[in-house]
Protein chains: 2
Amino acid sequence: MTGETMKTRDKILLTSLELFNERGERNITTNHIAAHLAISPGNLYYHFRNKSDIIYEIFQEYEKLVDYYLDIPEDRAINLEDLTFYLESVFDGLWSYRFFHRDLEYLLDSDPRLRQDYRGFTNRCLAAIDRIFGKLADGGIIAPQLDELRSAMSLNVWLVITNWMAFLKTAHAADESASLTLTELKQGIYQVLTLELPYLTPEYRERVMALREKYRPSFPDTSESSGCRESAAREVG
Amino acid sequence: MTGETMKTRDKILLTSLELFNERGERNITTNHIAAHLAISPGNLYYHFRNKSDIIYEIFQEYEKLVDYYLDIPEDRAINLEDLTFYLESVFDGLWSYRFFHRDLEYLLDSDPRLRQDYRGFTNRCLAAIDRIFGKLADGGIIAPQLDELRSAMSLNVWLVITNWMAFLKTAHAADESASLTLTELKQGIYQVLTLELPYLTPEYRERVMALREKYRPSFPDTSESSGCRESAAREVG
DNA sequence: GACTGCCTAGAGTATATACTCTAATAATAC
DNA sequence: GTATTATTAGAGTATATACTCTAGGCAGTC
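Presented here is an overview of the structure given in this document.

## Section: the interface of chain A and chain B
Frequently, the measure chosen for interface size is the accessible area removed from exposure when the parts meet.
In step 1: Counting from both sides, the interface comprises 56 residues of chain A and, opposite them, 56 residues of chain B.
In step 2: Regarding the contact of chain A and chain B, the summed buried area is about 5,100 Å², with carbon and sulfur atoms giving 52% of it.
In step 3: For the chain A face of the interface with chain B, the top three residues by lost area are R26, E105 and R119 of chain A, together amounting to 16%.
In step 4: One salt bridge in this structure joins D109 of chain B and R102 of chain A, with 3.1 Å as the shortest N-O distance.
In step 5: The interface formed by chain A and chain B holds 26 residue pairs in polar contact (both at pLDDT 80 or more) in total.
In step 6: Looking at the side of chain A that touches chain B, the elements that each hand over two or more residues are α7 (104–110), α8 (112–138), α9 (147–171) and α11 (188–196) of chain A.
In step 7: Of the residues contributing to the side of chain A that touches chain B, the split by class is 24 nonpolar, 15 polar and 17 charged.

## A word on the pattern of salt bridges
In step 1: Taken as a whole and judged by the stated rule, the model has 38 salt bridges over all chains.
In step 2: Among the salt bridges present, the one from D111 of chain A reaches R113 of chain A, with a minimum N-O distance of 2.7 Å.
In step 3: Residue classification places D111 of chain A among the buried residues on the basis of a relative accessible area of 5%.
In step 4: Connected through salt bridges with shared partners, the residues E148 of chain A together with R212, E213 and R216 of chain B form a single ionic network.

## Notes on helix α5 (residues 80–96) of chain B
Residue and element names in this part refer to chain B.
In step 1: In a regular helix each residue adds 1.5 Å, so 17 residues correspond to 24 Å; α5 covers 24 Å between its end C-alpha atoms and thus fits that length.
In step 2: Residues L80, D82, L83, Y86, L87, S89, V90, F91, G93, L94 and W95 constitute the buried set of α5.
In step 3: Sitting at the amino-terminal end of α5 is N79, which places a side-chain oxygen 3.0 Å from the backbone nitrogen of E81.

## Quick notes on the protein's contact with DNA strand D
In step 1: Around DNA strand D, the surrounding shell holds 16 residues, and the nearest of these are T8, S40, Y46 and H47 of chain A together with T29 of chain B.
In step 2: The sugar-phosphate share of atoms of DNA strand D within 4 Å of the protein amounts to 65%.
In step 3: For DNA strand D, a phosphate oxygen lies 2.9 Å from a polar atom in the backbone of S40 of chain A.
In step 4: G42 of chain A places a polar main-chain atom, nitrogen or oxygen, 3.5 Å from a base oxygen of DNA strand D.
In step 5: Elements that contribute at least two residues to the surface near DNA strand D include exactly α3 (41–47) of chain A together with α2 (30–37) and α3 (41–47) of chain B.
In step 6: Looking at the surface near DNA strand D element by element, the count peaks at four residues for α3 of chain A.
In step 7: Of the residues contributing to the surface near DNA strand D, the split by class is five nonpolar, 10 polar and one charged.

Definitions and cut-offs
- Residues numbered from 1 in each chain as written.
- Chains lettered and ligands numbered in written order.
- Predicted model: local features only at pLDDT ≥ 70, side-chain atom pairs only at ≥ 80, totals over all residues.
- Heavy atoms only, no water.
- Contact = heavy atoms within 4.5 Å.
- Buried area = accessible area lost by both parts, 1.4 Å probe.
- Salt bridge = Lys/Arg side-chain N within 4 Å of Asp/Glu carboxyl O.
- Polar contact = N/O pair within 3.5 Å; in protein donor to acceptor, adjacent residues only side chain to side chain.
- Helix = DSSP H or I, 4+ residues; strand = E, 2+ residues; numbered from the N terminus.
- Nonpolar A, V, L, I, M, F, W, Y, C, P; charged D, E, K, R; others polar.
- Buried < 20%, exposed > 50% of the residue type's maximum accessible area, 1.4 Å probe, protein only.
- Expected span 1.5 Å × (residues − 1).
- Near = heavy atom within 4 Å.

Now the structure itself:
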């Protein structure tokens, strides 16, 4: 990925993202990034004024990606395949830029541009979720609801999505804390679909239940005894 | 609060909590804490081996508080007053120790004891939420559900509760980011009750709707235009 | 008054972190 | 080829951070 043909600037962005995702932004210094790329700190600072600028550009990629996937068609209702696509895409994005939500508050505190943009990003995501609910109702998949309830539901979906990874990481035992996989992350879809279950129309109920089943966690999430968890969800990558 | 009669050790814990809550653990050094108390760093380190130990003890207080409030009675069903009490208490706890969830992942990565304990804490909270759902069903407030759905619902409640504050802080504009209030935080109860709405029995539906209404945010959360938000939710403290 | 145990001050340190500066090299334009 | 610009190396720096070390005060006790 960080091959020879790539421009240094892009290599910096890519490597930063990798390292941030793996070890957390707080644990990765600009010197680490430079060392990992075998370039000098001076070189890094030739391309970026500071660490915040690197993070800001990575965020813009993230934003662009999610905006691209959450472009809800205006002219037609959406079906279950669309819904699956939206959910998969959002969790893919979350995975690719997973460092971001981990230190979100600190990052927003240190960069006003980021705070401003992230706020807009959140509002666009919430609006998209809201539209998805609307379109699902248009398609007869869920029963239509009052605007106010739909807004609150959308916000809950957003809260579940953005907190699911943190939950996974904190629920892991120490020795597996680094071994989070995309598959596990996508079990968040199970949680999101749980939110929608009571609103499903009878015609679609079974189909959504079946879809949800595909994402069911392989270990007992909410069990009080944690003994079973050790044997589950081994890392694949 | 940090009066003359208090022991230095306790003053350190109290001041640390205050500073962490106000400015984030990442931004507060042991030197800051000592300076704020007008004691020497040496003194601080006489009482605590390191920063992690301070945080760990604060967490134990937090844990104890929440465990105390989430002691669900085994012998009887619970009513709406109980439910309100649980929700209020949990959000009170979240408020008092609000620094904790902000840097959770980093904190767990730096202290294995904390990771271990927090994992147990999460499981106890999830179990308590699960029991509350059970007792609400016993009391005829919500319809009983299959274990598996109830578990997933409990987890969603937990995700909403623990992510609500982060959402508020990131949704705020820069100039109000410090002005989060307990009142705003408790609007999370509105979101939690939203999760329960579809499961309410007809007899209790109106009453819970009324309860939920009390916590309704005074600004349009999910609106795309953010223009209205500036005028709302001024700080009181 | 000296001994003891608890507490405190404050200077000091090793390491890290974000970032700078200068000089040199590679690429490109003319 | 030479002038110009873009890129890079690498040593260096100011500041911060978590933490240490030594010396001493103060309260109680015999």
